[in-house]
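Report on the structure
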Amino acid sequence: MGAVMTGGSLLSTKVPPQIAAYKNAARVYNYVIEPLLWGMRRAVSECAQAMPGMTALDVCGGTGAQAFLFSQSGALAVAADMSPHMLCKARGRAHENLKFVLASADRLPFESGIFDLVSMSLALHEIPEKLRLSFTGEMQRVARPGGRIVIMDYALPLKASLAALPCRSACWLAERAAGGAHYRNYRDWMARDALRGFAARAGLNGQFHVYYGGAMNVLVAQPGGS
Ligand SMILES: C[S@@+](CC[C@H](N)C(=O)[O-])C[C@H]1O[C@@H](n2cnc3c(N)ncnc32)[C@H](O)[C@@H]1O
């Protein structure tokens, strides 16, 4: 298993520049971003159906909010993220069933097939396509056959929808402000039919749950694409 977070020493871990950029985001994430995501956290939890006896992994788990909800449902939950600064902000979410692991999502430090539930929220849209495919490949590898993969990310409404406009505008503003490669990857994601398009390219077959007029989707899929 990767470094399990126990102390402040993780902050001295060397990380690539795109991850170092999360140092600033980590300072405000729990106060500014997290309250806006509360509805989607609940939606992911409902789709994930975490329960006692289950093992759950939240990949790119950030400040640990989703994994914390899984642990509150009784699952043994792990949040894995490559940003030590994001993980350190997860410290306030102590729960006996919850662990935090510093790890890259394209090389998860877990054996194959050990998690009943593997989730990822709001990470795929901001990375290049090749990395998206390797992240979801790893999610499939560590999920047990018959388990559940749950992915939440930006989506495109199936038909023009005024209800989607506020959420789409807010997301666009946030991504535009992030700029650089982050914004380029977001544009690529949206131009290629967002989560539905990616699921088709990655062979992730499952059910799409639609939120905010179609601006957000949660995909519930089975490992192996069945
Ligand atoms: C927009 S944040 C989303 C965090 C969290 N999933 C949420 O819903 O709030 C994206 C997260 O992906 C993480 N991340 C980016 N690249 C990663 C990688 N290669 N391996 C693990 N985590 C990564 C970042 O550190 C950050 O915490």
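Preceding this section is the structure that the text describes.
Okay, so let's go over this structure. Throughout, a residue's number is its position along its own chain's written sequence, starting from 1. This being a predicted model, a pLDDT of at least 70 is required before a residue's local features are given, and a value of 80 or more before pairs of side-chain atoms are given or counted; all residues contribute to the totals for chains, interfaces and linings.

Strands are runs of DSSP state E lasting at least two residues, helices are runs of H or I lasting at least four, and both sets are numbered from the N terminus onward. Helix and strand counts for the protein stand at 8 helices and 8 strands. A compact globule built from 226 residues should have a C-alpha radius of gyration of about 17 Å, and the protein, at 16 Å, falls within 12% of that. Burial is judged by counting the other C-beta atoms within 10 Å of a residue's own C-beta: 20 or more makes it buried, 12 or fewer makes it exposed, and any count in between marks it as partly exposed, with every C-beta position built from the backbone. A buried classification covers 42% of the 226 residues belonging to the protein. Whether two residues are in contact is decided by their C-beta atoms, placed from the backbone, lying within 7 Å. Of the contacts formed within the protein by residues at least 6 apart in sequence, a portion of 70% connects residues at least 24 apart. Atoms considered for the radius of gyration are the C-alpha atoms alone. The globule rule reads 2.2 Å times the number of residues to the power 0.38.

The backbone phi angle of C60 is positive, close to 55 degrees, even though this residue is not glycine. Positioned with a positive phi, L122 is a non-glycine residue whose angle comes to about 55 degrees. Here L122 shows up in the loop between β5 (115-121) and α5 (129-142). Since 18 C-beta atoms lie within 10 Å of it, L122 is described here as partly exposed.

Turning to the pairing of strand β3 (residues 76-81), a few remarks are in order. β3 sits mainly inside the fold: 5 of its 6 residues count as buried. By convention a crossover is right-handed if, when the strands point away from the viewer, the path from the first strand over the helix to the second runs clockwise. Taken together, strand β2 (residues 55-59), helix α3 (residues 65-72) and β3 constitute a β-α-β crossover, and its handedness is right-handed. Being paired, for any two strands, means DSSP has found at least two bridges between them. Summarising the sheet, β3 and strand β4 (residues 98-102) pair through 5 bridges and their orientation is parallel. Residue pairing for β4: A80 is matched across the bridge by V101.

Here we take up the nonpolar core. Note on terminology: a nonpolar core is any set of buried Ala, Val, Leu, Ile, Met, Phe, Trp, Tyr and Cys residues joined through C-beta atoms within 7 Å. Core analysis: the largest hydrophobic core is formed by 63 residues, its most contacted members being A56, V59, A80 and V118. Top contributing element to this core by residue count: strand β6 (residues 143-154), with 6 residues. Not counting the four nearest positions on each side in its chain, V59 is found in contact with A80, A105, V118, M120, F135 and M139.

Inspection of the region around the ligand gives 15 residues, with C60, G62, M82, S83 and S121 positioned closest. In terms of residue class, the shell around the ligand is made up of 8 nonpolar, 5 polar and 2 charged. Using the backbone to place each C-beta atom, any residue with that atom within 6 Å of a molecule or strand is considered near it. Amino acids outside the nonpolar list (Ala, Val, Leu, Ile, Met, Phe, Trp, Tyr, Cys, Pro) and the charged list (Asp, Glu, Lys, Arg) are all regarded as polar, and Gly is one of them.

Each axis is a line fitted through C-alpha atoms, taken for helices only over the stretch in contact, and angles between the N-to-C directions span 0 to 180 degrees. It is the contact of helix α6 (residues 165-178) with helix α7 (residues 180-191), at a shortest axis distance of 6 Å, that shows an interaxial angle of 140 degrees. Between α6 and α7, the interaxial angle falls into the category oblique. Where α6 approaches α7, its residues E175, R176 and A178 are matched on the opposing element by H182, Y183 and Y186. Of the residues that constitute the contact of α6 with α7, the class distribution is 3 nonpolar, 1 polar and 2 charged. Each angle gets one of four labels, with under 35 degrees taken as roughly parallel, over 145 as roughly antiparallel, 65 to 115 as roughly perpendicular, and the rest as oblique.

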